[in-house]
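Chain and residue survey
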Amino acid sequence: MTAMAGQLWVSLISLGGVVLGGLLSYLVQHRTQQSAERTEQQRQRIALSETRRAERLALLERFIEVSAEAERCAYTRPPQWEDTDEWCLTTQGVMNRLWVADRLLRIQFPLTVHETAHAHFLDLNRTVWHGLPDGESVRDYLEGNRSAFLDAAREVMEAAPPGPRAL
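Residues numbered from 1 in each chain as written. Predicted model: local features only at pLDDT ≥ 70, side-chain atom pairs only at ≥ 80, totals over all residues. Heavy atoms only, no water.

1. Here's the deal with the overall build of the chain
From N to C terminus, the chain includes 4 helices and 0 strands. Starting at the N terminus and ending at the C terminus, the chain contains elements arranged as α-α-α-α. For a compact globule of 167 residues, the expected C-alpha radius of gyration is about 15 Å, and the chain comes in at 33 Å, more than 25% above that figure. Along the three orthogonal principal directions, the C-alpha set of the chain runs to about 120 × 30 × 15 Å. Classification of the 167 residues of the chain by burial places 26% in the buried group. Surface summary for the chain: the accessible area is close to 11,300 Å², and the carbon and sulfur share equals 58%. Of the side chains in the chain, 18 bear a positive and 22 a negative charge, and the two mean positions are spaced by 11 Å. (Helix = DSSP H or I, 4+ residues; strand = E, 2+ residues; numbered from the N terminus. Rg over C-alpha atoms; globule rule 2.2 N^0.38 Å. Buried < 20%, exposed > 50% of the residue type's maximum accessible area, 1.4 Å probe, protein only. Areas by Shrake-Rupley, 256 points an atom, 1.4 Å probe, with all protein chains shown as cover. Lys, Arg positive; Asp, Glu negative; His and termini not counted. Charge placed at Lys NZ, Arg CZ, Asp CG, Glu CD.)

Below, the structure written as structure tokens:
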């Protein structure tokens, strides 16, 4: 009988070891899976943040490029022009692209950036279509809001480095 009781205890202890080993294995696998999921989520957040940053940079580049075209239109503005003149047709296309670029900034950036970009857009619009009073410089007239826009854009881009917090 004692031999049988000893075998029973050995079997119970062995079974307990198997259960404990299985439980520990499950816990380790569960923790590893959670860690892998967290790592993947963080990687996806970083990738999304980097994509958004690249989109923002592309929008800034587009706005700056088209505003430079509009500025060239302002410099070449003839004293008298008609709606069918080459300058007018070219300028309408440029100003339409600038209007779109301005609106895209509103979608992707904080209002401080859009407000400064829009002020620059309005300065360009006035200069291109209405001209400036005699003696006033196009460069000087546009410089204030252009610089304010560039400064605001730089602040936002520096404040949002790629990573989970940039979302």
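2. Some words on a nonpolar patch on the surface
A grouping of Leu8, Trp9, Leu12, Ile13, Leu15 and Val19 is seen on the molecular surface, where their side chains present a nonpolar patch of about 670 Å² in accessible area. Relative to the assigned elements, Val19 resides in helix H1 (residues 2-75). The exposure class of Val19 is exposed, given its relative accessible area of 53%. (Patch = residues over 30% accessible without salt bridge, like charges linked within 9 Å, V, L, I, M, F, W, Y side chains within 5 Å. Salt bridge = Lys/Arg side-chain N within 4 Å of Asp/Glu carboxyl O.)

3. A word on the pattern of salt bridges
This model, assessed by the stated rule, comprises 7 salt bridges. Across the pair Glu40 and Arg43 runs a salt bridge, and its minimum N-O distance is 2.6 Å. Taken together, the positions of Glu40 and Arg43, both in helix H1 and 3 residues apart, correspond to about one turn of that helix. For Glu69, the salt bridge identified is with Arg97, shortest N-O distance 2.5 Å. A residue pair is termed long-range when its members are at least 10 positions apart, and Glu69 in helix H1 and Arg97 in helix H2 (residues 86-108) qualify at 28 residues. Given the relative accessible area of 36%, Arg97 is considered partly exposed. Each of Glu71, Glu143 and Arg146 takes part in one network of salt bridges that share partners.

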